[in-house]
Amino acid sequence: MVEMTTKDVFGAPCWVSLMARDMAAAQRFYGAVVGWKFRPAPLGDAFSVAVMGGVPVAGIGAPASDLGGAIAWTPYFAVDDVDVAAGRIRERSGTVAVGPVSFPSGGRAALVADLEGAVFGIWDGAVSSGWRVGVGPAPAWLELRTRNAFDAALFYGEVLEWATGRAGCCEVAYEQDQVVLRQGGEPVARLNSGPVEAATYAPHTRPRWHVHFRVPRLEEAVASAVTLGGSAVSEVTSTGHDRSVTLRDPDGALFTLTTTVG
């Protein structure tokens, strides 16, 4: 497998991870719902890697790990230099909550938040060449729910070097009332304006990054989630191309399951 680093995919999402109160219980839940298997991660005993068909898909870690954080799915974006990116975030009134942190296995990371409080991560180091949003078992797509998608696009564009004209960088376009981020022509993230409230106590209405996972049979996956202590927080919706439902896992982390129609 060709070794890749964040310099090869800078600006693009390169991983998603979940901080879970009970890592073993989270593995049982997502193993049953999404079909993942798990193996130890090189970052230490507090982390595990979800795999499907031998391909790394996501990470699950304990809150006591170096990066800590809320019980939520968090996307990580590739940057050339995590310290430089963290500086850009501070300069633009974002928040650097944890880090930058160096890991013994290599790589540096920070847990940060944008102007509206949506949490995301930045990573500088090796990345999996088999991981890419929308392809294979990786997340179907990432979605930013925010007050103003255009303002958010300016913030992320400056921090992550989107649409800078630099060779290999991500492209940004306005499509069907969304700001769409593309890597190599393929959509990897969507930024949506909507009725969100930064101070609300309801997590699903706060500005946030939201992860969509693909499953082959939606109803079976939802039934497994409910059996293992999860719950549905939306009705099943259909676009004609796919059907989706948003769930909450037993720890309270939100995510959406989607399946292709036909």
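The structure displayed is predicted, hence computed values, not measured ones.

**Observations concerning the pattern of salt bridges**
One pass over the full model with this rule turns up 12 salt bridges. With its nearest N and O atoms 3.3 Å apart, the salt bridge here joins E91 to R92. On the accessibility criterion, R92 (26% relative accessible area) is partly exposed. In this structure, R92 engages E158 in a salt bridge whose closest nitrogen and oxygen atoms are separated by 2.8 Å.

**Topic: the pairing of strand 8 (residues 108-113)**
Of all 6 residues making up strand 8, 5 are buried, and the element is well covered by its neighbours. Across 5 bridges, the pairing between strand 7 (residues 95-102) and strand 8 is antiparallel. Residue pairing across strands places T95 opposite A113, the latter belonging to strand 8. Where strand 7 hands over to strand 8, the hairpin turn is made up of 5 residues, of which G106 adopts a positive phi near 110°. Pairing geometry for strand 8 and strand 9 (residues 119-124), over 6 bridges, is antiparallel. Across the sheet, the residue bridging to A109 is W123, located in strand 9.

**Things to note about the nonpolar core**
Core analysis: the largest hydrophobic core is formed by 63 residues, its most contacted members being Y30, W73, I122, Y156, W209 and L257. A total of 7 residues in this core trace back to one element, the largest contributor, which is helix 3 (residues 149-160). In this structure, Y76, A78, F103 and W123 belong to the second largest nonpolar core, which totals 11 residues.

**Comments concerning the side chain of E143**
In this fold, E143 is placed in strand 11 (residues 141-146). Among the polar contacts made by the side chain of E143, one reaches the side chain of N192 at a distance of 2.9 Å. Other than its neighbours up to four places away in sequence, E143 contacts R190, N192, R208, W209, H210 and H212.

**What to know about helix 4 (residues 218-227)**
Along helix 4, the positions that sit buried rather than exposed are L218, A221, V222 and A225. Considered in projection along helix 4, the buried side chains sweep an arc of 100° and stay on one side of the axis. Residues of helix 4 that are exposed and point over 90 degrees away from its buried face: E220 and T227. Each element contacted by the buried residues of helix 4 is listed here: helix 1 (23-34), strand 18 (242-248) and strand 19 (254-260). Phi for G229, located one or two positions after helix 4, is positive at around 100°.

**Remarks on the confidence of the model for the protein**
Residues of the protein with pLDDT of at least 70 account for 90%, and the chain-wide mean is 85. Confidence drops under a pLDDT of 50 for residues 64-68, and excluding neighbours within four residues, the segment shows 15 contacts in the predicted structure.

**A closer look at the packing of helix 1 against helix 4**
The interhelical angle for the contact between helix 1 and helix 4, taken along N-to-C directions, is 160°, at an axis separation of 8 Å. Taken together, helix 1 and helix 4 sit at an angle that is classed as roughly antiparallel. Relative to helix 4, the crossing made by helix 1 is right-handed. Every residue of helix 4 that contacts helix 1 at F29, A32 and V33 is listed here: A221, S224 and A225. Across the contact of helix 1 with helix 4, the residue classes break down as 5 nonpolar, 1 polar and no charged.

Scoring rules and cut-offs
- Residues numbered from 1 in each chain as written.
- Predicted model: local features only at pLDDT ≥ 70, side-chain atom pairs only at ≥ 80, totals over all residues.
- Heavy atoms only, no water.
- Salt bridge = Lys/Arg side-chain N within 4 Å of Asp/Glu carboxyl O.
- Buried < 20%, exposed > 50% of the residue type's maximum accessible area, 1.4 Å probe, protein only.
- Helix = DSSP H or I, 4+ residues; strand = E, 2+ residues; numbered from the N terminus.
- Pairing = 2+ DSSP bridges.
- Core = buried A, V, L, I, M, F, W, Y, C linked by side-chain atoms within 4.5 Å.
- Polar contact = N/O pair within 3.5 Å; in protein donor to acceptor, adjacent residues only side chain to side chain.
- Contact = heavy atoms within 4.5 Å.
- Arc of directions from axis to C-beta.
- pLDDT = per-residue confidence, 0-100.
- Axes fitted to C-alpha atoms, helices over the stretch in contact; angles between N-to-C directions.
- Parallel < 35°, antiparallel > 145°, perpendicular 65-115°, else oblique.
- Left-handed = near helix turned anticlockwise from the far one by under 90°.
- Nonpolar A, V, L, I, M, F, W, Y, C, P; charged D, E, K, R; others polar.

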